[in-house]
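# Commentary on secondary and tertiary structure
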Amino acid sequence: MREVRIGKHTIGPGHRPFVIAEMSGNHNGSLDRALAIVDAVAAAGAQALKLQTYRADTITIDVDLPAFRISDDHTLWGGENLYRLYEKAHTPWEWHAPIFERAHDLGLTVFSSPFDPTAVELLESLEAPAYKIASAELVDLPLVELCARTGKPLVISTGMANVAEIHAAVSTARAAGNDQLIVLGCTASYPAPPQDSNLRGIPLLGSLFDVVAGLSDHTVGIGVPVAAVALGACAIEKHVTLARADGGVDSAFSLEPAELAALVTETERAWQALGEPRIGPRESEREVRRLRRSLYVVADVSEGEEVTRENVRSIRPSGGLPPGELSAVLGRRFRVAARKGTPLTWDLV
């Protein structure tokens, strides 16, 4: 089985789901709020915190042409100018060190999505243990190569991408000498409708590209990522905030702390429940198996007495002949006397 190690965590089918809490712009421009989100992520039990490392100038340019505005009918950001949106949503570079330090103090693995070489330089100075390639950056093969050459694992989101584009990104990373790859199914829609999640594609990602597969989820709630684990997702990424009511660029599709804690719990339960492709009794059923039905003597009988439905019945617990043998013993005679509550066995008739 494929496995990838990020920090102290091993990610793969044999390990509980790796839950990545994405802060994004939900700090709402406040370092104190950003640090409070770190605290909440740690308290919820997620293994990792993820940031986005860019400045408005490194992700776009300051122009107001139609191509640089989000369509007016967009649910969350309709009509927004890209530069202004990214100015509002970005995590200032000087915040990275205190956020990384707080995360380390709380035992969280912390890494980020870089959007240009200067971001990679900053994250390398902070000894980030991995890099996330955002969906829109998957086609930026020079950026993928730069991140891959650090030797750190790559987590690659595949929103909007076709098979050829995913293949190009994965091949670029491998050509750079990096085979530590986690590829996430993703729907780059904010929020994403559940019916567009196409979770059945997750095992296909894993097998097509020989990688650890997971899900970067932008739907509302935790139902979709829990279902994804049942289909083989080994890593789950979700946006988080302190409270959706506080607003923020990504708050509408972000989890609150209690929901994040539920995600951690329920995805682990889903993983534990996977089991193996076989049918048969489980060890945990041993006690109840002892109570399954069998044939018992239900009235005191004498030697030579006929077996009837009045003195032999199918009841709980086990110990006697299988209930399917009832027709085979009816009409026979008891070889010996038996008391009520005696399991019926072949040596009695």
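Residues numbered from 1 in each chain as written. Predicted model: local features only at pLDDT ≥ 70, side-chain atom pairs only at ≥ 80, totals over all residues. Heavy atoms only, no water.

## Things to note about the packing of helix H6 (residues 141–148) against helix H7 (residues 163–175)
The line we're drawing: Interaxial angles span 0 to 180 degrees and are taken between N-to-C directions of axes, which are lines fitted to C-alpha atoms, for helices over the stretch in contact. A run of H or I in DSSP counts as a helix once it spans at least four residues, and a run of E counts as a strand once it spans at least two, with each numbered from the N terminus. In this scheme the crossing of two helices becomes right-handed for a clockwise turn of the near helix relative to the far one and left-handed for an anticlockwise turn of less than a right angle. The contact criterion used throughout is that any non-hydrogen atoms of two residues lie within 4.5 Å. Three residue categories are used. Nonpolar comprises Ala, Val, Leu, Ile, Met, Phe, Trp, Tyr, Cys and Pro, charged comprises Asp, Glu, Lys and Arg, and polar comprises the others, including Gly.
Running from N to C, H6 and H7 cross one another at 35 degrees; their axes reach a closest spacing of 8 Å. The chirality of how H6 crosses H7 is right-handed. On H7, the residues that touch Leu 141, Val 144, Glu 145 and Ala 148 of H6 are Ala 168, Ala 169, Thr 172 and Ala 173. Among the residues making up the contact of H6 with H7, the classes are represented as six nonpolar, one polar and one charged.

## What about the pairing of strand E8 (residues 181–186)?
Let me state the cut-off plainly: The buried label applies to any residue whose accessible area, calculated with a 1.4 Å probe on protein chains only, is under 20% of its type's maximum; exposed applies above 50%, and partly exposed to all values in between. When the strands point away from the viewer, a crossover counts as right-handed if the route from the first strand across the helix to the second turns clockwise. Strands are labelled as partners when DSSP assigns at least two bridges between them.
Of all six residues that make up E8, six are buried, and the element is covered over most of its length. Traced from strand E7 (residues 154–157) through H7 to E8, the parallel crossover comes out right-handed. Both E8 and strand E9 (residues 212–217) contribute to a ladder of five bridges, which runs parallel. Bridge assignment links Leu 184 to a residue of E9, and that residue is Gly 214. In the classification by handedness, the crossover that spans E8, the intervening helix H8 (residues 201–209) and the parallel E9 is right-handed.

## Digging into the packing of aromatic side chains
Note the cut-off: Think of it this way: a Phe, Tyr or Trp ring, Trp meaning its six-membered ring, pairs with another when their centres are within 6.5 Å, and the plane angle makes it stacked under 30 degrees, edge-to-face over 60, tilted otherwise. Criterion for a charge above a ring: Lys NZ or Arg CZ within 6 Å of the ring centre, and within 35 degrees of the ring normal.
Using the criterion set out here, one finds three aromatic pairs in the structure. Here the aromatic rings of Tyr 54 and Phe 115 are separated by 5.2 Å at their centres, their planes lie at 80 degrees, and the arrangement is edge-to-face. Of this pair, Tyr 54 sits in the loop between strand E4 (48–53) and helix H2 (56–59) while Phe 115 sits in the loop between strand E5 (109–114) and helix H5 (117–125), and the two are 61 residues apart along the sequence. Summarising the burial analysis for this pair, Tyr 54 and Phe 115 share the class buried. Measuring from ring centre to ring centre gives 5.5 Å for Tyr 190 and Phe 253, while their planes differ by 45 degrees; the resulting arrangement is tilted. On the criterion of sequence distance, the pair formed by Tyr 190 in the loop between E8 and H8 and Phe 253 in the loop between strand E10 (235–239) and helix H10 (257–272) is long-range, its members being 63 residues apart. A residue is classified by how much of its surface remains accessible, and Tyr 190, at 23% relative accessible area, is partly exposed. Exposure remark for Phe 253: the relative accessible area of 2% places this residue in the buried category. Linked through ring pairs, Tyr 54, Tyr 86 and Phe 115 together constitute an aromatic cluster. Lying over the aromatic face of Trp 93, Arg 55 brings its terminal NZ or CZ to 3.8 Å of the ring centre.

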